[in-house]
Amino acid sequence: MSFEFGWYSGARRCESPHFNRRPFGEISLLVIHNISLPAGCFGLPYIDQLFKGCLDTKADDSFADLAQLQVSAHFLIRRDGECVQYVSCSDRAWHAGVSRYGDRENCNDFSIGIELEGTDTEAYTAAQYQKLTELTLALMQEYPSLTAERIVGHCDIAPMRKTDPGQSFDWKRYLETLRGF
């Protein structure tokens, strides 16, 4: 699999308007997130709609807080392993919010965000780990500054605000699989 203008050939393309240019063009951090809409519900069209800016906030009572929200990620990996890309890796997706990695703030400036369809407490699927590994290896090949040591959870860069990907994410499994290649 390869990239063309930051778009991964192994993903379904679903373009988001919620992005802008990276200020320095740097890609040196990978951030793992989780998302489900409504919370704990999977396989529905609402994540695509949220990232595309066309979510009907009346579709579920829990969506009221999402009105006017402008958010995106570079990728989503669904429970069945489908990979969706919303923003070119060349551009800055709006996934990390207020964040810090080491002594640097604004992680969106230099990171790629991958959302896993899931929750903090429900186990992720084998198909998701397989696709996440495949995508991560492709990203590491395309962007040499990305290494296993520069992969974090959203909880690591926004610890007072975020908990994802949560205790259900098997970091050991994921990182050992990466090191096997």
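Higher on the page you've got the structure.
Only a predicted model underlies this, so the values are computations on that prediction, with no experimental measurement involved.

Engineer: Tell me about the packing of aromatic side chains, residues and numbers included.
Structural biologist: Tallied over the entire structure, the rule returns 11 aromatic pairs. With centroids separated by 5.0 Å and ring planes inclined at 70°, the aromatic side chains of Tyr46 and Phe63 adopt a geometry described as edge-to-face. Linking Tyr46 in helix H1 (residues 46-52) with Phe63 in the loop between H1 and strand E6 (75-77), this pair joins segments that are 17 residues apart in sequence. For Phe63, a relative accessible area of 0% puts it in the buried group. Aromatic pair Tyr124 and Phe169: ring centres 5.8 Å apart, planes at 75°, arrangement edge-to-face. Of this pair, Tyr124 sits in the loop between strand E11 (111-117) and helix H2 (126-142) while Phe169 sits in the loop between helix H3 (154-157) and helix H4 (171-179); the two residues are 45 residues apart in sequence, bridging distant segments of the chain. Like Tyr124, the residue Phe169 is buried in the burial classification. Here the guanidinium or amino end of Arg79 rests over the ring plane of Phe42, the centre of that ring lying 4.4 Å away. Lying over the aromatic face of Phe110, Arg104 brings its terminal NZ or CZ to 3.9 Å of the ring centre.

Engineer: Residues and numbers for the pairing of strand E5 (residues 29-35), please.
Structural biologist: Taking burial as the measure, the seven residues of E5 include seven buried ones, the bulk of the element. Of the two faces of E5, the one holding Leu29, Val31, His33 and Ile35 and the one holding Leu30, Ile32 and Asn34 are both buried throughout. As judged from the seven bridges shared by E5 and E11, these two strands associate in the parallel manner. Bridging across to E11, Ile35 finds its partner in Glu117. Note that E5 and strand E12 (residues 151-153) share three bridges and pair parallel. Note on E12: the bridge partner recorded for Val31 is Val152.

Engineer: How would you summarise the nonpolar core if you had to cite specific residues and measurements?
Structural biologist: In terms of nonpolar packing, the biggest core is built from 26 residues, with Leu30, Ile32, Phe75, Ile112, Ile114, Leu139 and Tyr174 touching the most fellow members. Those elements that provide at least two residues to this core are E5, E6, E11, H2 and H4. Leave out the neighbours within four places in its chain, and Leu30 touches Ile112, Ile114, Thr136, Leu139, Leu146, Arg150, Ile151, Val152 and Tyr174. Counting residues in hydrophobic clusters, the runner-up holds 17 residues, among them Ala73, Leu76, Val84 and Val87.

Cut-offs and rules
- Residues numbered from 1 in each chain as written.
- Predicted model: local features only at pLDDT ≥ 70, side-chain atom pairs only at ≥ 80, totals over all residues.
- Heavy atoms only, no water.
- Phe/Tyr/Trp six-rings, centres within 6.5 Å; stacked < 30°, edge-to-face > 60°.
- Helix = DSSP H or I, 4+ residues; strand = E, 2+ residues; numbered from the N terminus.
- Buried < 20%, exposed > 50% of the residue type's maximum accessible area, 1.4 Å probe, protein only.
- Lys NZ or Arg CZ within 6 Å of the ring centre and 35° of its normal.
- Pairing = 2+ DSSP bridges.
- Core = buried A, V, L, I, M, F, W, Y, C linked by side-chain atoms within 4.5 Å.
- Contact = heavy atoms within 4.5 Å.

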